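Results of the structural survey
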Amino acid sequence: MTLWRADELAKAVGSHDPGFAVTGISIDTRSLQPGDLFVALQAERDGHDFVADAFAKGAAGALVSRDVTGGSQLRVPDTLAALNSLGSAARARCPAKLIAVTGSVGKTTTKEMLRRILGGFGLTHAAEASFNNHIGVPLTLARMPRETAFAVLELGMNHPGEILPLAKLASPDAAIITSIERAHVGLMGSIEAIMLEKASIFQGLRAGGTAIIPYDSRFHVALSALVPAGLPQFSFGEGEFAEARLLSAESDPVSCDVKAIVAGIKVEFILGAPGRHMAMNAIAALAACHAIGLDVVKAAEKIEAFMPVSGRGLRHIINIGGHRVYLLDESYNASAASIRAALEVLALQPGRKIAVLGDILELGDQAEVEHLALRDDVLQYADHVFTCGDMMGRLFETLPTDRRGAHAPTAAALAPIVKSALRHNDAVLVKGSYGSRMRDVIALLEGPY
Ligand SMILES: Nc1ncnc2c1ncn2[C@@H]1O[C@H](COP(=O)(O)OP(=O)(O)OP(=O)(O)O)[C@@H](O)[C@H]1O
Ligand SMILES: [Mg+2]
């Protein structure tokens, strides 16, 4: 199916007619599909060095900023700027109802919930994985088919000024802020700066677009005041006056029975992920569905197909030397808020509750305070604690000896210690920032037996 005709490509990036159409867009030859437009970006690596490989893998053409050989090219001054132009042209030609999601935690999870819901109403296009930055957002838009009915984008940031241009490009019909927490505070300076940055998503809303605001946040009023004048707002939360209100969230080890009222309509559904935080993400998703005119009762039915994303709360049973172990894979990322939420899910599990925690990164001079502040939650929800990294090591030192499992400098060093300590029916939570490589623990625990 043609995604971009030659004339559309030329018009979108303001260049000559390249004489080829494309069926997809790729920035990485490892995942390139035949018929794709290969976009040679200059990031850590220079994409121009991979153009020959792209043609060898069947690229229909290459978007480049210097001449290449071996196939058809579309020449532009700046390939990232051209990718943004393609994204903007894709948004302009497509009547899709678009929901943009930002927030300190739960963006990808909420986006995946929306993908499930909206997919039940019409052709839905959503960002892959955590494609939420200055490359991921225009790439996701440039890949959006013109007949898309619904789209979901995730907007991320870790420096001031990153969200507004992404929000303008996305031009959403509804924009969700999941929550405001201290994630990346080391780079942002303060939680107030994080709030202001997140709030800039509302400035990208198209005419009549709705701002979806976390009612329980201490920044609720401030966020509400930052919505451009004349645009509708809709709040979600547990608070009495939240317009999408969570009434109850009864969790068991693998699911959550959620009751809520959205715009006066009662809904109840079973979410395939335990925890109040997951129920809250679901309420935010339903609030956005209401804002774009969908039937929330039908939407609630469709959310039941949602399952946690790998590395973000997926639970699976593994076998270690004949022992059955429940593994909570939370290895993709971490903030203090998400560690607390994941510990509450650990507490719901059968058997001994084992927490394996790696450092939370990008907290700057507030790192030690943030890690030590986890002590009470760790003691309340975990029986035994294993840690790696400098900051988690300081937390480990504050724990009573009977709760200490072990500490090691790295995840790779900690993994075999954890493996040999696990017993039948244990539940083990593995969590830390991406840079703390907790996936090394997951890999060893899941490894071939
Ligand atoms: N609303 C929430 N409140 C607290 N923790 C949450 C919430 N939603 C998800 N989490 C926790 O945060 C983890 C990460 O969630 P998710 O990947 O959706 O966040 P994200 O905002 O997309 O992160 P990133 O900034 O890395 O893209 C989940 O595995 C879960 O443990
Ligand atoms: Mg994400």
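Quick look at the structure, then. (Residues numbered from 1 in each chain as written. Chains lettered and ligands numbered in written order. Predicted model: local features only at pLDDT ≥ 70, side-chain atom pairs only at ≥ 80, totals over all residues. Heavy atoms only, no water.)

1. Section: the overall build of the chain
Convention followed: We count a stretch as a helix when DSSP gives it H or I for four or more residues in a row; a strand needs E for two or more, and each element gets its number in order from the N terminus. Between the two quantities, the radius of gyration covers C-alpha atoms and the globule rule is 2.2 Å times the number of residues to the power 0.38. Each residue gets one of three labels from its accessible area relative to the maximum for its type: buried under 20%, exposed over 50%, partly exposed in between, using a 1.4 Å probe on protein chains only. Throughout, a contact is declared for two residues whenever any of their heavy atoms are within 4.5 Å.
Scanning the chain for helices and strands turns up 17 helices and 19 strands. A compact globule built from 449 residues would reach a C-alpha radius of gyration of about 22 Å, and the chain, at 23 Å, matches this within 12%. Projected onto the principal axes, the alpha-carbon positions of the chain cover approximately 70 × 50 × 40 Å. With 449 residues in all, the chain has 55% of them scored as buried. Pairs at least 24 apart in sequence give 60% of the contacts found in the chain among residues at least 6 apart.

2. Here's the deal with the pairing of strand E11 (residues 244–251)
Filter applied, for reference: Strands qualify as paired when DSSP identifies two bridges or more between them.
Of the pairings in the sheet, the one linking strand E10 (residues 233–237) to E11 comprises 2 bridges and is parallel in character. Note that in E11 the partner of Gly237 across the bridge is Arg245. Where E11 and strand E12 (residues 256–262) come together, 7 bridges link them in antiparallel fashion. Within the sheet, the bridge partner assigned to Ala249 lies in E12 and is Val258. The antiparallel pairing of E11 with E12 creates a hairpin that spans 4 residues between the two strands.

3. So, the sheet that holds strand E14 (residues 314–320)
Formally: To get an axis, a line is fitted to the C-alpha atoms, and for a helix only the part in contact is used. The angle between two axes follows their N-to-C directions and goes from 0 to 180 degrees.
Read from one edge to the other, the open sheet built from 6 strands follows the order E14-E15-E19-E16-E17-E18, with strand pairing classed as mixed. Either end of the sheet is taken by a strand with one partner, and the two such strands are E14 and strand E18 (404–408). Averaged over all pairs of adjacent strands, the angle between their axes in this sheet comes to 20 degrees, without regard to strand direction. Where strand E17 (residues 384–388) lies against E18, 4 bridges are found, and the strand directions are parallel. Note on E18: the bridge partner recorded for Val385 is Arg404.

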